[in-house]
Amino acid sequence: DRKIKIAPSILSADFANFGEEIRAIEAEGCDWVHVDVMDGHFVPNLTFGPPLLAAIRPHIRTVMDVHLMISPVDAYIDAYAGAGADILTAHLEAGPHIHRTLQAIRAAGCKAGLALNPGTGLDAVPHLLDMVDLICVMTVNPGFGGQKFIHSQIEKVRSLRAMIGDRPIHIEIDGGMTPETAPLMAEAGADVLVAGSGVFKGGSVQNPGVYGENIRAI
Ligand code: DX5
Ligand code: ZN
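This text gives an overview of the structure that appears in the document. (Residues numbered from 1 in each chain as written. Chains lettered and ligands numbered in written order. Predicted model: local features only at pLDDT ≥ 70, side-chain atom pairs only at ≥ 80, totals over all residues.)

1. Notes on the overall build of the chain
- On a plain count of helices and strands, the chain comes out with eight helices and eight strands.
- For 218 residues, the compact-globule estimate of 2.2 N^0.38 gives 17 Å, and the C-alpha radius of gyration of the chain, at 16 Å, lies within 12% of that figure.
- Oriented by its inertia axes, the alpha-carbon framework of the chain measures out at about 45 × 35 × 30 Å.
- By sequence separation, contacts in the chain at least 24 residues apart represent 64% of the contacts at least 6 residues apart. (Helix = DSSP H or I, 4+ residues; strand = E, 2+ residues; numbered from the N terminus. Rg over C-alpha atoms; globule rule 2.2 N^0.38 Å. Contact = placed C-beta atoms within 7 Å.)

2. Quick notes on the environment of L184
- Mapped onto the elements of the fold, L184 is located in helix α6 (residues 182-188).
- For the pair L184 and I154, spaced 30 residues apart in sequence, the C-alpha separation works out to 7.2 Å.

3. Looking at the sheet that holds strand β6 (residues 134-138)
- The parallel open sheet is built from eight strands, whose spatial order is β1-β8-β7-β6-β5-β4-β3-β2. The open sheet has two edge strands, β1 (5-8) and β2 (33-38), and neither has a second partner. Neighbour-to-neighbour, the strand axes of the sheet open up by a mean angle of 25°, direction not taken into account. (Pairing = 2+ DSSP bridges. Axes fitted to C-alpha atoms, helices over the stretch in contact; angles between N-to-C directions.)

4. Description of the nonpolar core
- If you look at the biggest cluster of nonpolar residues, it comprises 69 residues, and the most contacted ones within it are V66, A85, L88, L114 and L193.
- Among the elements that take part in this core, β6 stands out by supplying five residues, more than any other. (Core = buried A, V, L, I, M, F, W, Y, C linked by C-beta atoms within 7 Å. Buried ≥ 20, exposed ≤ 12 C-beta atoms within 10 Å, placed from the backbone.)

5. As for the site of ligand 1
- Close to ligand 1 lie 22 residues; S9, P142, G145, G196 and S197 are nearest.
- In terms of residue class, the shell around ligand 1 is made up of seven nonpolar, 13 polar and two charged. (Near = placed C-beta within 6 Å. Nonpolar A, V, L, I, M, F, W, Y, C, P; charged D, E, K, R; others polar.)

6. Some details on the environment of I25
- For I25, the location among the structural elements is in helix α1 (residues 18-27).
- Put simply, I25 and V205 are 180 residues apart on the chain and 8.9 Å apart in space, counted from C-alpha to C-alpha.
- Excluding residues that lie within four positions of it along the chain, I25 makes contacts with P8, C30, V199 and Y211.

7. Focus on α1
- Within α1, burial applies to E21, I22, A24 and I25. Seen end-on, α1 carries its buried residues on one side only, within an arc spanning 160°.
- Against β1, β2, α2 (50-56), α7 (197-200) and α8 (209-217) lie the buried residues of α1.
- Directly after α1, the chain includes G29, whose backbone phi takes a positive value near 100°. (Arc of directions from axis to C-beta.)

8. Considerations on the pairing of β2
- Taking burial as the measure, the six residues of β2 include six buried ones, the bulk of the element.
- In the sheet, β2 pairs with strand β3 (residues 64-69) via six bridges, with the strands oriented parallel. Note on β3: the bridge partner recorded for M38 is M69.
- For the crossover from β2 across α2 to β3, the handedness is right-handed. (Right-handed = clockwise from strand over helix to strand, strands pointing away.)

Below, the structure written as structure tokens:
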């Protein structure tokens, strides 16, 4: 039995209150903190740069899981590593040299993650298995929180689990995780579930118990 980790996405937190939001979700039992970096180019939305990550880093006691939805990637790896990322995940679709990008992430001292959009197949994965610590299967099109889970990704995760076998590589699911969809992904072989709206909805730093209920429900 695989223990499923929950990684709340602070994309759904109160942006004026990151320190307290992070303390609240960690006190309520989350495993990692997922940080969604968007550049307005690879995805049609803009979020956080390296100075913001450096500012929230001291508030994170678990794992800072950084999802780079940016293109190009390589020029920014040292900045995001320097801001304190434990895991840096780059998209296969972000450029022609994902192998080089993954090498650079490890060279910068971070664990390396590979993210796949919903429309991307697994063809490249066998060639990258010795380069990655995590594979993130996007179950929504990246760019926004609160979107609907894409069911076609269940079979992809099942195939990915078979490819990975017993290698120490996390399968992370990102997008649309609810108490209904999360068990489907756990059953298919995922071991880390990102949840933004699913964790933060209905709660606040004044009422953090709701975060805990949401985390346990997923
Ligand atoms: C989407 C981001 C996700 C997102 C998940 O581009 O990568 O991490 O915040 O949000 P929910 O859980 O609301 O789908
Ligand atoms: Zn994400």
